[in-house]
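Residue-level structural notes
Residues per chain are reported as follows:
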Amino acid sequence: MKKKKRSSSRTLKEPVRRDTSDRVRKRKRRPTARKHPTSAAAPVRERQRSRDRRKQKKNRGLSSGQIDLIYKLALFVSLIVAVVFVCTVFFKVKTIAVIGGKVCLPEQVAQASGVQLEDKLLFVNRFEVSEGIFEALPYVDEVRIRKKYPSTLQIEIVEAEPAATVVAGKVAYLIDRNGKLLEYGPDREDYTVGLRIEGLSVTDPVEGKHIMHADELRLTTLELVLDTFLDHSVLEKIGSINMEKLYNLSFIYDDRIVVALGDTDRMQEKLEMLEAVLEGFDGTEKGHLDVSAVSQARFLPDNNAVTG
């Protein structure tokens, strides 16, 4: 009798599957031991990284452009300091050259400038030099200051010219065409220059300053007379202008005709009428000519003339 094979508890072969239930413990990986640097190059790399970190920390606040700008500024300041040092030490005044001037002597201009030899040319103040010259020399009307390195200070002046003489009492005051007082002295024939003006009084005369008068209207009239007469052809033969009465200005023409102008209104037209009348004369007439009305002129011969 054949032996029966033992039946297996499993009659059919089932595929074996991975059990993923919680009952199966997951296999844990063993931690890999960290390898410590053991080679000789490791300390060198560590020191290099440390230096790089310090360098980055040092330059953290400044960019390369800012550093370049600082270098340029430092170079510029150094150049300025060098130039100032050279100018201060080496550029000193050795010569004061004065150009222009007939009344004012070069020695007077140099002394009035206040500049001394061996002064530092770079630090000469042009404004202070000009003011000193104006204050000391009334005839000086313009001043130009030039520094010519290494050692020359050039001063060029333009002088005012006397245009009229204001006679008050026995004193003659020489003024330019703008009314600036140039000088004053005794009333003598050789001292009087230009247009002679009488009938005014002068208060507090200061050479180099505008001529002063207590009456502002008289100063305004004087300026108008100067502007009108100084550029007119009749000036050559005018002896003097009387401004004692502002409503009746008068002057003597060619020592033979007393001309009455009246006030200062339309003065230029009055002088043009005077020229027209004189063209009709033969040059021998003497008398009194009234052009104050502008519209017509009246002439009185010498026997009826009033000379006041």
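Residues numbered from 1 in each chain as written. Predicted model: local features only at pLDDT ≥ 70, side-chain atom pairs only at ≥ 80, totals over all residues. Heavy atoms only, no water.

Glancing now at the overall build of the protein chain. Broken down by element type, the protein chain carries six helices and 12 strands. Here the protein chain holds 308 residues, and 31% of them are scored as buried. Restricting the contact set of the protein chain to residue pairs at least 6 apart, pairs at least 24 apart contribute 49%. A total of about 22,600 Å² of accessible surface is found on the protein chain, and carbon and sulfur atoms cover 52% of it. (Helix = DSSP H or I, 4+ residues; strand = E, 2+ residues; numbered from the N terminus. Buried < 20%, exposed > 50% of the residue type's maximum accessible area, 1.4 Å probe, protein only. Contact = heavy atoms within 4.5 Å. Areas by Shrake-Rupley, 256 points an atom, 1.4 Å probe, with all protein chains shown as cover.)

A surface patch of nonpolar side chains, amounting to about 380 Å² of accessible area, comprises Phe76, Val77, Ile80 and Val81. By the element assignment, Ile80 lies in helix 2 (residues 64–90). (Patch = residues over 30% accessible without salt bridge, like charges linked within 9 Å, V, L, I, M, F, W, Y side chains within 5 Å. Salt bridge = Lys/Arg side-chain N within 4 Å of Asp/Glu carboxyl O.)

What follows concerns the confidence of the model for the protein chain. Close reading of the predicted structure is inappropriate where its pLDDT is low. The predicted model of the protein chain has a mean per-residue pLDDT of 81, with 78% of residues at 70 or higher. Low pLDDT (under 50) marks residues 1–5, which in the prediction has zero contacts with non-local residues, meaning those over four places away or in another chain. (pLDDT = per-residue confidence, 0-100.)

For helix 3 (residues 106–113), the complete set of buried residues consists of Val109, Ala110, Ala112 and Ser113. Seen from one end, helix 3 has its buried residues packed into an arc of 165°, which puts them on one side. Residues of helix 3 that are exposed and point more than 90 degrees away from the buried face comprise Glu107 and Gln111. In the core, the buried residues of helix 3 are packed alongside strand 1 (95–99), helix 4 (126–136) and strand 3 (152–159). Where helix 3 terminates, the next one or two residues include Gly114, which has phi positive at roughly 80°. (Arc of directions from axis to C-beta.)

This brings us to the sheet that holds strand 1. In space, the three strands of this open sheet follow the order 1-3-2, with mixed pairing throughout. The open sheet has two edge strands, strand 1 and strand 2 (140–148), and neither has a second partner. In this sheet, neighbouring strand axes are inclined to one another by 20° on average, regardless of whether the strands run parallel or antiparallel. Pairing between strand 2 and strand 3: eight bridges, direction antiparallel. Counterpart to Val143 in the pairing with strand 3 is Ile157. Its contacts with the sheet place helix 3 against strand 1 and strand 3, and it is angled at close to 120° to strand 1. (Pairing = 2+ DSSP bridges. Axes fitted to C-alpha atoms, helices over the stretch in contact; angles between N-to-C directions.)

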